[in-house]
Amino acid sequence: MEWYLKSAEQAEQDLQTSRTTGLSTEEASKRLEQHGPNKLEEAKKTPLSQKLIAQLKDPLVIILIIAAVLSALTNAGVEALIIVAVVILNAALSIYQEGKAENSVAALQKMSSPNAKVVRNGDLTSIKAEELVPGDVVVLETGDIVPADLRLFESSNLQIDESSFTGESVAAEKAANAEITQEKGIGDRENMAFSSTIVTYGHGKGIVTTTGKETEIGQIATTIQAYEDEETPLQKKLNVLSKFLGRLVIGVAAIVFVLGLIGGQDLLEIALTAISLGVAAIPEGMTAVVTIVLSIGMNRMAERNAIVKKLLSVETLGTTTVICSDKTGTLTQNEMTVTKIFTDGREIDVTGTGYAPVGDLLIDGRKVTAADSEILKTMVTIAASANDAKIVEDKEKGHITIGDPTEGALLTMASKAGVEPKELSETTPRLDEIPFDSDRKMMTTFHDNYFEDHVASFTKGAPDIIIQNCDRILIDGEEKELTDDIRQQLLDKNSEFAKQALRCLAYAYRSWETLPEKDQQTSDHVEHDMVFVGLTGMIDPPRPEAKAAIAETKSAGITTIMITGDYLETAYAIGHELGIADSPDQAMMGEELNNKSLEEVQEIVKTHRIFARVSPQNKVQIVDALKANGEITAMTGDGVNDAPAIKRADIGVSMGITGTDVAKNTANVILTDDNFATIVNAVEEGRIIYSNIKKFVTFLLSCNIGEVIVIAVAMVLDIIMAFTNTGFRFPTPLSPIMLLWLNLVTDSLPALALGMEPREDGIMQAKPRDPQEPIVGKADFKRIMVQAIAIGVATLGAFGIGYYYFGQGLDGAAKLAEGRTMAFSTLILAELFRAMAARSNVHTMNEIGWFSNKHMNRAILIGVALLLIVLYIPLLRDLFNVSFMTLKEWVPTLILSIIPFVASEGYQAVEERRASL
């Protein structure tokens, strides 16, 4: 039921209450039982056990667990323990990095009002807010948190901060007698007050229309709970890869089993070979490397003012195709700034932004101050005197305003003109005031010692109202009659400013000669027959860095859409200046989306770039339509009203400074500086991270498939030799523990180094990748197979040389150890050299620099050192069953280990040349 469309009398009748006496205690108790307490249901927290289970449900982790079980069943206890340790460490790291799960509804509960002033049985009393019921009569005063949704029936200068719903920093003016006949967004419902908003000025009364989950904030909470977390693009791709690897392991194991039976091998020997192949096929270190690289990405993003709460969201940022951004504070500075003055028939430009008194007043480029013009001095004096705000300097935030941001902007303007507000309060002290109200749209203050040391009234307000109530104008140093022609010129100037999306105010005064006696100094007697002095136009200016950031998103193929609670003209003016929209046709009101189908909105979001006066439901409509169009959507916001869309988006982004707890807890990413440019930086980091993940996945798979080739080819050769009765055998060149060492230690260090590879040139000039594109595409698979075959050839060659040449005359065990030692050493060095070539899929090593990744340099040195430790420390040599290598074995080992690197660089050079043709 839309209560704002009903009159106060209708609401009173429908809710069966009385505006004067409220509900009786008995009736309130009945309704409390019927409607339940006025509070939100708390979402259940995810227990640690469920978080752990979620980590272990990953397909790749399941494969690792199966490998560990098989290893244990075949008495390969060391291998089983190593795999289990990897699984546990990976899960623990993921849970630690992601931290506490979000609890949006709990944050919503924190915002609720603990107590409420209510009329019951005809008496004003204070009760717990959760005891409120529909029909209760609530009294509101300055500073109160609105305890439930109310249909106002009485208001006096009532202003309510609804920024958590609308996103706009200026308090909303309320009018209990406003008659609304058509559907309106939350920000335009003047006769309503909403739960959790704050009364900033005036007082009023209202009838409770809805409580608990039925309130606007309650519906948002319900919406948040209804949305389930979706898998990120990286999760989907890694799951596909994991399933592929799982099928590969099963397929290879089945082939091994059949070949083993054909070859007449012992079942235990077949099982051990199958496990070797399984271990070879699975990149055991990949899950840990992905987790660590994403964690490093989280830290790197935090350094760039973006806190990423969910590990996999780090990479998702890099896939973003559309950024839906709030306007106030994100694209703009959230600091009202006067940019135009019109006084004494002249237009004055005001430079500088924010509340710091840094900037000048310019007429045709020439600086002017209040000392140059008595009329300008009078205007800025009125603006600074009829004013309740204060500007203070904060150590961290700089100059900030306490009070209305609009009035803060006027104080800063006065300081720029050379009139200090602090001095005014001493030289022309305020004697009395007539507060602003939404009916008059004016504010008047009375000051001593201004005109010839007498009392004067200063009035500021809506330009059309001020101009209407003036009969003279201060121009050319004297008061002149305000003729109809001059009046029209002033209205035209006001319209000109308004078309530039400037928020306009006008200023006037009455001198002591024309003021009525003190006992008659009311609005009816004072705010007419005034002297017009001037106009100002102000705006929340765009952030200087936002325009460059939006241009960068365009070059990166990312669309920016502005979604705001502000008015259409203001939104378009800012959007046009920032380069978001080129034509007014690309902007529309949020209410135009109401009652439209998903298919209709899908078409709208293809062409429109600005949506103004939007409701929470409109924001969700826009996000859903973009996602239905196949876009990867990031949604920014700071208010309660943004939470459903933040939750619904692929990437939810909240403001860290102005953001409510609800928005922060719902989001995947929090911007600590509330800056749009930071989103773009985060997207860049996401692209770098995905590019690097792709590199090390490709690297790991080429190594693992190379290992599979080694084991599989060796087995086939062994069977062929057995059938042909040559008297020779070709044993498995690598044992399971060797493969585990390779996959967990030798491969993981270079993979980590690839995860920290510096950005490649042009990463933000490339178009967003297709979200459906697999992490390993056709071109990647070709590259993987070239390198895997080269690794297989080098390793098999090394084993053959060691087993048949250097192993001549040795017993069976020593001969096998000699061959495996050379195969093991060749494979480790080949994979380390191969890691160097994996640093770029576009450029050769000569182009990117041999030693430009210091992490890779360290990884290779550590990898070589670990190989030497295994070979030359007796305890480890016995554990791995390898022999002591001498110079004669090292020479062919080093030569063979370079083959995969040469193959990789050669393939890259050929592909690069082919692309340039």
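This text follows the structure it describes.
Small disclaimer: the values here were computed from a predicted structure and weren't measured. (Residues numbered from 1 in each chain as written. Predicted model: local features only at pLDDT ≥ 70, side-chain atom pairs only at ≥ 80, totals over all residues. Heavy atoms only, no water.)

Visitor: Honestly, the overall build of the chain in this entry has me stumped. Any pointers?
Guide: Broken down by element type, the chain carries 34 helices and 28 strands. For the chain, the proportion of its 917 residues judged to be buried stands at 56%. In the chain, 71% of the contacts between residues at least 6 apart in sequence involve partners at least 24 apart. As displayed, the chain offers around 38700 Å² of accessible surface, 55% of which is attributable to carbon and sulfur atoms. (Helix = DSSP H or I, 4+ residues; strand = E, 2+ residues; numbered from the N terminus. Buried < 20%, exposed > 50% of the residue type's maximum accessible area, 1.4 Å probe, protein only. Contact = heavy atoms within 4.5 Å. Areas by Shrake-Rupley, 256 points an atom, 1.4 Å probe, with all protein chains shown as cover.)

Visitor: In this structure, what is going on with the nonpolar core? I would like to understand it.
Guide: Nonpolar side chains tend to gather and get buried jointly when the protein is soluble and globular. Core analysis: the largest hydrophobic core is formed by 124 residues, its most contacted members being F532, F696, V697, L734 and F824. With 22 residues, helix α25 (residues 676–724) is the largest single contributor of residues to this core. Among residues more than four places away in sequence, those in contact with F824 are L734, M738, W741, L742, L867, V870, F880 and V882. Residues I348, A370, L411 and M538 belong to the second largest nonpolar core, which totals 38 residues. (Core = buried A, V, L, I, M, F, W, Y, C linked by side-chain atoms within 4.5 Å.)

Visitor: Quick question: what am I supposed to make of the packing of helix α21 (residues 598–607) against helix α22 (residues 616–628) here?
Guide: The geometry of a pair of packed helices is captured by two quantities: the angle between their axes and the separation between those axes. For the pair α21 and α22, the least separation of the axes is 8 Å and the interaxial angle reads 80 degrees. Judged by the inter-axis angle, α21 sits roughly perpendicular to α22. Taking contact as the criterion, the partners of L598, V601, Q602 and V605 in α21 are, on α22, Q621, I622, D624, A625, L626 and A628. Of the residues assigned to the contact of α21 with α22, the class counts are 7 nonpolar, 2 polar and 1 charged. (Axes fitted to C-alpha atoms, helices over the stretch in contact; angles between N-to-C directions. Parallel < 35°, antiparallel > 145°, perpendicular 65-115°, else oblique. Nonpolar A, V, L, I, M, F, W, Y, C, P; charged D, E, K, R; others polar.)

Visitor: Is there a simple way to think about the sheet that holds strand β28 (residues 669–671) in this case?
Guide: Each strand in a sheet pairs with another by means of backbone hydrogen bonds, the pair being arranged parallel or else antiparallel. Strand order in the open sheet made by the 8 strands is β8-β28-β27-β26-β9-β23-β25-β24, with mixed pairing throughout. Only two strands of the sheet have a single neighbouring strand rather than two, namely β8 (306–308) and β24 (587–589). Going across the sheet, the axis of each strand differs from the next one's by a mean of 20 degrees, ignoring polarity. Relative to strand β25 (residues 610–612), β24 is paired through 3 bridges, and the arrangement is parallel. The partner of A587 across the bridge, within β25, is I610. Each of β8, β9 (322–325), β23 (559–563), β26 (633–637), β27 (651–655) and β28 is contacted by α25, which is oriented at about 155 degrees to β9, the strand it contacts most. (Pairing = 2+ DSSP bridges.)

Visitor: What's the story with the environment of M530 in this structure? I'm lost.
Guide: On the secondary structure map, M530 appears in strand β22 (residues 530–539). The class of M530 is buried, set by a relative accessible area of 0%. As a C-alpha pair, M530 and Y507 span 23 residues in sequence and 9.6 Å in three-dimensional space. The contacts of M530, once residues within four sequence positions are left out, are M442, T459, I466, N469, C470, D471, R472, A508, Y509 and R510.

Visitor: So what exactly am I meant to see when it comes to the packing of helix α29 (residues 812–837) against helix α31 (residues 854–872) here?
Guide: As a packed pair, α29 and α31 sit with axes 10 Å apart at the nearest point and diverge in direction by 175 degrees. Classified by the interaxial angle, the pair formed by α29 and α31 is roughly antiparallel. On α31, the residues touching T821, F824, S825, I828, L829, L832, A835 and M836 of α29 are M856, A859, I860, G863, V864, L867, V870 and L871. Considered class by class, the residues forming the contact of α29 with α31 number 13 nonpolar, 3 polar and no charged.

Visitor: Looking at this model, I keep getting lost on the packing of aromatic side chains. Mind explaining?
Guide: A complete count under the given rule lists 6 aromatic pairs for this structure. Ring geometry for Y803 and Y804: centres 5.0 Å apart, planes at 85 degrees, overall edge-to-face. Take Y804: its relative accessible area is 25%, and that puts it in the partly exposed class. Through successive ring pairs, a cluster of aromatic residues spans F799, Y803 and Y804. The ring of Y567 has R613 lying over it, and the distance from NZ or CZ to the ring centre is 4.1 Å. The ring of Y803 carries the charged tip of K815 above its face, separated from the ring centre by 4.7 Å. (Phe/Tyr/Trp six-rings, centres within 6.5 Å; stacked < 30°, edge-to-face > 60°. Lys NZ or Arg CZ within 6 Å of the ring centre and 35° of its normal.)

Visitor: I would appreciate a short explanation of a nonpolar patch on the surface in the present structure.
Guide: A cluster of nonpolar side chains, contributed by L52, L56, I65 and V69, occupies part of the molecular surface with about 280 Å² of accessible area. When contributions to the nonpolar patch are tallied by element, the ones reaching two or more residues are α3 (48–56) and α4 (59–73). Within the element layout of this structure, L52 appears in helix α3. (Patch = residues over 30% accessible without salt bridge, like charges linked within 9 Å, V, L, I, M, F, W, Y side chains within 5 Å. Salt bridge = Lys/Arg side-chain N within 4 Å of Asp/Glu carboxyl O.)

Visitor: Explain the side chain of R609 here, please?
Guide: Turning to its location among the elements, R609 is positioned in the loop between α21 and β25. Buried charge without a partner: R609 forms no salt bridge, and the closest opposite charge is E631, 7.4 Å away. Separated by 3.1 Å, the side chain of R609 and the backbone oxygen of V605 make a polar contact. Beyond its immediate stretch of four places on either side in the chain, R609 contacts T559, T560, I561, M562, I580, A581 and Q586. (Lys, Arg positive; Asp, Glu negative; His and termini not counted. Polar contact = N/O pair within 3.5 Å; in protein donor to acceptor, adjacent residues only side chain to side chain.)

Visitor: Looking at this structure, I do not really get the side chain of R151. What am I missing?
Guide: In this structure, R151 sits in strand β4 (residues 149–161). Buried and without a salt bridge, R151 has E9 as its closest oppositely charged side chain, separated by 6.4 Å. Of note is the side chain of R151, whose polar atom sits 3.0 Å from the backbone oxygen of K6. From its side chain, R151 meets the backbone oxygen of A176 in a polar contact 3.0 Å long. Not counting the four nearest positions on each side in its chain, R151 is found in contact with W3, K6, S7, A8, A11, A176, A178, N191, M192, G206, I207 and T209.

Visitor: Can you help me understand unusual backbone geometry in this one?
Guide: Peptide bonds are mostly trans, and most non-glycine residues show a negative phi. Even without being a glycine, N121 presents a positive backbone phi close to 55 degrees. Tracing the backbone shows N121 in the loop between β1 (115–120) and β2 (123–128). Phi is positive for N449, which is not a glycine, with a value near 60 degrees. Exposure remark for N449: the relative accessible area of 34% places this residue in the partly exposed category.

Visitor: What is the right way to read the pairing of β27 from this model?
Guide: Each regular strand shows side chains that alternate between the opposite faces of the sheet. Across the 5 residues that make up β27, a large majority, 5, are buried. Of the two faces of β27, the one lined by I651, V653 and M655 and the one lined by G652 and S654 are each fully buried. Where β26 meets β27, 4 bridges bridge the pair, whose relative direction is parallel. Residue G637 lies in a different strand from β27, and its bridge partner there is S654. Remark: the β26/helix α23 (residues 643–648)/β27 crossover connection has right-handed handedness. With 3 bridges connecting them, β27 and β28 associate as parallel partners. For M655, the partnering residue across the bridge sits in β28 and is L671. (Right-handed = clockwise from strand over helix to strand, strands pointing away.)

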